[in-house]
Amino acid sequence: MPKKAPTAAVIDIGSNELRLHIAQAPKQPTEKDSEKIEYLESLVYPLSLGRETFFEGKMSFDKVDQACDVIKNFLHVSRDYGVRNVYTVAGTAMREAENMDFILDQIKIKTGIDVQVIDDLEEKRHIYKLLTHHAEDFLKKSAVIVYIGTGSMGVSLFIDGKMARTWNIRVGSLRMGELFGDLQEFTREFYRLMEEYLAGITYKLRNELPKGIQHFIVSGPEIELIAKLVISKGTPPFGVPLFDIPRKDFDEFYEKIKRKTTDKIASDYALDGDIAESLLPAACIYQNLLNCTSAKAITASRMLPCDAVLFEMLYPKRFAAIEKRFDKGTVLSAREIALKYHANIPHIEQVRDFALMIYDKIKKLHGLGGRDKLLLTAAALLHDIGEYINTLDHHEISYEMVRRSDIVGLTHGEIEIVALLCRYHSGEAVPDLKEPCYANLNASTRVRVSKLAAMLRLADSLDLGRAQKCHNIDVKLSDGMLNITINTSANMALEQWAFADKGQFFAEVFGIKAMLKIKKL
């Protein structure tokens, strides 16, 4: 008998609707469809949760009761397919609700499920990983990849197969509709307000994107609807990950709807009012960003964060491999930011190499995971960018610059950790509970930050003079001591002094001494 294919289910609590996806891996996969997802059931229930959050700041319990009824029905359907453990995610509407904790508690009590509220950047990271995995190589030669959510959007640049830049902008289809919706009844030129508003928000992005980008890849809640309304021959089957919407056809569609009110759009296209409300803002955003490229078509994707979660559940090993490849974009992105602020590249690369060598040699001592190694790498590349503004207290400036930067593949929480490592790499600035930026972290994150900062401080001390004096370095953990041996012909007095100073914090964190030995060449 053929092996029964694993089945997984995900509920996505979105801003405009609740979705249920039930899928399985192929029962007898061939090499061609070895990563294919067979959707057994895809249900959508329209329910506007985001409008209340964006407009009033809170989500009403009446809407939550409706959501709970829908979730219970979804769970019943899932059980019919033999799925007991249904993974449930929520995005912007839930994340930004002031009463989120109370809402999550009510959902747990009434349905029995725990909702995982996804960080805004984590939501985009899931989409980017899946998009870049499924996109053909020719698409990634020159492309802008866009994920437009209801409350925010992410834009990433692919050049020669590498994602080097990303921008995160706090504007989405529903948020923009709520912002300007009341003005529709006063002017037929409502679309101009949105276009001018977007131009003011995206001007920096438009200036930084290179000219002549060949492809425009889009994912978001509205793209499937737009595709159905634009493509006359109909959209491809649900399992097709990417398909094209001709630019000419999209431009004609935008021209048709841009002067219409929400009620008129709903009437003309037989749409629910809540869905119609976000259609024009979404199309306006697409138009704005499409005009940054030379693409002849919009490469559309139906993939949403819940689809990425399904892929991870069904193919965990392959998803881990995708994530590992995606981490290279994080390192490249950090290096690009360092270049932007004219960092001393030989210095930051040597500090990175030393920091990773220390990290690898004391694995048994620090007990950290691979994700922490990535954060240490990013921090080593970014620790000195504050010198672009002022060398005095540059570590504090680096902290502020990094925490406001868009780094490919990192969540808000991870960017904060990288920023803190930059803050604590220098001088007397060490993690201190008197500082709110450190004290406000949970206990486990404080420990992670302290361990990584201790390693980065040692690594930085070995090239304090920015002269790359160390030609060969050997790191050993033995006899309860970290021994670092350097072969050099240079005078290392400055580095020895800095190492002894920064080594004190290392001893406080790990309970062992760090010793520096110099072997003269």
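Described below are features of the structure shown in this document. Small disclaimer: the values here were computed from a predicted structure and weren't measured.

### A look at the environment of Ile 22
Here's step 1: With respect to the helices and strands, the residue Ile 22 is situated in strand β2 (residues 17–24).
Here's step 2: Residue classification places Ile 22 among the buried residues on the basis of a relative accessible area of 0%.
Here's step 3: For the pair Ile 22 and Phe 505, spaced 483 residues apart in the sequence, the C-alpha separation amounts to 50 Å.

### Overview of the nonpolar core
Here's step 1: Core analysis: the largest hydrophobic core is formed by 64 residues, its most contacted members being Leu 382, Met 455, Leu 482, Ile 484 and Phe 506.
Here's step 2: Contact partners of Met 455, with chain neighbours within four places excluded, come to Ile 358, Tyr 359, Ile 362, His 366, Leu 368, Leu 376 and Phe 510.
Here's step 3: Ranked by size, the runner-up nonpolar core spans 48 residues in total, among them Phe 190, Leu 209, Ala 276 and Cys 284.

### Some points on unusual backbone geometry
With the exception of glycine, most residues fall at negative phi, and the peptide bonds are largely trans.
Here's step 1: Its identity is not glycine, yet His 342 carries a phi of approximately 55°, on the positive side.
Here's step 2: In this structure, His 342 sits in the loop between α13 (316–340) and α14 (345–361).
Here's step 3: Owing to a relative accessible area of 62%, His 342 belongs among the exposed residues under this scheme.
Here's step 4: Of note, Asp 393 is a non-glycine position whose phi angle comes to about 55°, a positive value.

### Considering the pairing of strand β4 (residues 87–90)
The side chains of a regular strand alternate, residue by residue, between the two faces of the sheet.
Here's step 1: Here strand β1 (residues 7–13) runs beside β4; their pairing, made up of 4 bridges, is parallel. In the sheet register, Ile 13 faces β4, and the bridge partner there is Ala 90.
Here's step 2: Pairing analysis gives 3 bridges linking β4 to strand β5 (residues 115–117), with the strands arranged parallel. Along β5, the bridge assignment pairs Ala 90 with Val 117.

### Looking at the pattern of salt bridges
Here's step 1: Per the counting criterion, the structure on display carries 33 salt bridges.
Here's step 2: For Lys 258, the salt bridge is made with Glu 255, and the minimal N-O distance between the two is 2.9 Å.
Here's step 3: Under the relative-accessibility criterion, Glu 255 is labelled partly exposed at 45%.
Here's step 4: Taken together, the shared-partner salt bridges in this structure form one network comprising Arg 125, Lys 129, Glu 323, Asp 327, Arg 371 and Glu 414.

So, how was this worked out
- What you see as residue numbers is a count from 1 along each chain, following the sequence as written.
- pLDDT decides what is reported in this predicted model: residues at 70 or higher carry local features, side-chain atom pairs at 80 or more are listed and counted, and totals for whole chains, interfaces and linings draw on all residues regardless.
- With hydrogens and water excluded, all non-hydrogen atoms of the structure serve as input to the side-chain values.
- Working definition: helices are DSSP H or I runs of at least four residues, strands are E runs of at least two. Numbering for both runs from the N terminus.
- Residue exposure (1.4 Å probe, protein chains only): buried if accessible area is under 20% of the type maximum, exposed if over 50%, otherwise partly exposed.
- For the purposes of this section, nonpolar cores are sets of buried Ala, Val, Leu, Ile, Met, Phe, Trp, Tyr and Cys residues that join through side-chain atoms within 4.5 Å.
- The contact criterion used throughout is that any non-hydrogen atoms of two residues lie within 4.5 Å.
- Pairs of strands are assigned from DSSP output, requiring at least two bridges between the strands.
- Basic side-chain nitrogens of Lys or Arg form a salt bridge, by our definition, when they fall within 4 Å of a carboxyl oxygen of Asp or Glu.

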